[in-house]
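Now for the letters of each chain:
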Amino acid sequence: MKPDFFKNLPPEIITEIFLRLPVVSVPISKCVCKRWLHLLESDDFVKSHFARSAPALVVLGDSGRLKVLEWEGELDPLTQYDFPYRPREINTSVNGLLFLRLYLLLCVCNPITCEVIKLNLPSDPQKSFSKVSAFGFGASKITGRYKAVCFKYNDYDDKLDCHVYTLGTGSWRRLEGINPYVYQYDKGAFVNGNLHWTASIGEDSSWISCFDVETECFSFFKAPPYHAQGLPFTRGRSLCALSGCLWFCEEAFEYENDGGRCELTIWIMKEYGVGESWSLAYVIPLVDNDTFLVDPIKVSDNGDLLILLEGRPLTVSTVGFSLPPLFHSKL
């Protein structure tokens, strides 16, 4: 091949060639020359390559090692990365970027380029008794900017503060006028440009709090009916984003002489923002009454559901996501 072969190709042909590269080859290609670097970091290429990226699975082991696996076939590893810190869990994934929670730190990580941004938790010297309640991570619809959200509950004055961190600014901002109670340790589900948490308004705990990442405004809509299967007690409720829809999970149980009964009910919001569109999709008996919170992570073509059961022996923290082609210029 002549040295000037690529130089003489039309730009659209060069772009098409790069769009066909596997995701792990794109960061390497950026190191070849400035022309390729500028092309591969352009917004148009990032969006086009991401749209073609195959679904993948990222697994966080006990040692802090991240493994990126192909969904199809034998779950072959694409890459792995020893995380420099010790994450407690993978909170969520947005456009291939991972949002991880540590004890006193939040992180945004690109598992392909191994780039990490540390977000120190927001602090307020006047509210030393505050503690972190819930998190979230999403991207605005119009500008595409990534934002982290952190709720802190203040024991001193019994109030919930909401803080927002826009990547690239280096600091948190406190939002005013946040009244609803977002449930402790609830991780936000990102759907349709909005973050969602289970919440209560007054004594009514059957609400979902919705945060528009672009406008930074809150709205609310009703959660599905609790105890739909007749079980009187709820052990846990959670939200997740899957297949472009908002999912609601409730683990309910009842005590009996023989140990009781526990079931997981999963609802899917068919029409976003419309409370009446909740549809009961799965009712799953749970044999382990110690299971607490369940995360659906993949639906197969035949409707089978792959879920993560937290608290079970040998279970690793796992989340389904789409591979990011490149993103360090965006962080």
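None of these values were measured; they are calculated from a predicted model.

(A) The pattern of salt bridges, seen in detail. Here the structure, examined in full by the defined rule, presents 5 salt bridges. A salt bridge links Glu 216 to Lys 147, with the nearest nitrogen and oxygen atoms 2.9 Å apart. Linking Glu 216 in the loop between β15 (204-212) and β16 (218-222) with Lys 147 in strand β9 (residues 146-154), this pair joins segments that are 69 residues apart in sequence. Each member of the pair, Glu 216 as well as Lys 147, carries the same accessibility label: buried. One salt bridge in this structure joins Arg 174 and Asp 161, with 2.9 Å as the shortest N-O distance. Here Asp 161 lies in strand β10 (residues 159-166) and Arg 174 lies in strand β11 (residues 172-175), a separation of 13 residues in the sequence. On the basis of relative accessible area, Asp 161 is assigned to the buried category, the value being 5%. Several salt bridges share partner residues, and in doing so they unite Lys 147, Arg 173 and Glu 216 into one network.

(B) The arrangement of the environment of Pro 77 in detail. As for its placement among the helices and strands, Pro 77 is situated in strand β3 (residues 77-82). Taking relative accessible area as the criterion, Pro 77 reaches 60% and is therefore assigned exposed. Separated by 20 residues in sequence, Pro 77 and Leu 57 place their C-alpha atoms 9.2 Å apart. Once residues within four sequence positions are removed from consideration, Pro 77 is found in contact with Val 68 and Leu 69.

(C) The pairing of β10, seen in detail. With respect to burial, β10 is a largely interior element, 7 of its 8 residues being buried. The pairing of β10 with β11 spans 4 bridges and is antiparallel. Residue pairing across strands places Cys 162 opposite Leu 175, the latter belonging to β11. Counting the residues in the hairpin turn of β10 and β11 gives 5 residues, including Gly 168, whose phi is positive at 105 degrees.

(D) Representation of the sheet that holds strand β6 (residues 105-110) within the structure. The sheet built from 4 strands is open, its strands ordered β4-β5-β6-β7 with antiparallel pairing. Only two strands of the sheet have a single partner each, and these edge strands are β4 (89-94) and β7 (115-120). With direction set aside, neighbouring strand axes in the sheet form an average angle of 25 degrees.

(E) Local environment of the confidence of the model for the protein. Per-residue pLDDT for the protein averages 76, and the proportion of residues at 70 or more is 74%. Across the protein, strand β13 (residues 189-191) holds the top mean pLDDT of 93, while strand β23 (residues 317-322) sits lowest at 44. Ignoring residues within four places in sequence, the model shows residues 311-331, a span with pLDDT below 50, making 87 contacts including any to other chains.

(F) Focus on the packing of helix α1 (residues 11-19) against helix α4 (residues 43-52). Two elements in contact, α1 and α4, have axes whose closest approach is 10 Å; the angle formed by their N-to-C orientations is 40 degrees. Accordingly, the angle class assigned to the pair α1 and α4 is oblique. α4 is crossed by α1, and the crossing has right-handed handedness. Across the interface between the two elements, Thr 15, Glu 16, Phe 18 and Leu 19 of α1 pack against Phe 45, Ser 48, His 49 and Arg 52 of α4. Looking at side-chain class alone, the contact of α1 with α4 contains 3 nonpolar, 3 polar and 2 charged residues.

Rules and cut-offs
Residues numbered from 1 in each chain as written. Predicted model: local features only at pLDDT ≥ 70, side-chain atom pairs only at ≥ 80, totals over all residues. Heavy atoms only, no water. Salt bridge = Lys/Arg side-chain N within 4 Å of Asp/Glu carboxyl O. Helix = DSSP H or I, 4+ residues; strand = E, 2+ residues; numbered from the N terminus. Buried < 20%, exposed > 50% of the residue type's maximum accessible area, 1.4 Å probe, protein only. Contact = heavy atoms within 4.5 Å. Pairing = 2+ DSSP bridges. Axes fitted to C-alpha atoms, helices over the stretch in contact; angles between N-to-C directions. pLDDT = per-residue confidence, 0-100. Parallel < 35°, antiparallel > 145°, perpendicular 65-115°, else oblique. Left-handed = near helix turned anticlockwise from the far one by under 90°. Nonpolar A, V, L, I, M, F, W, Y, C, P; charged D, E, K, R; others polar.

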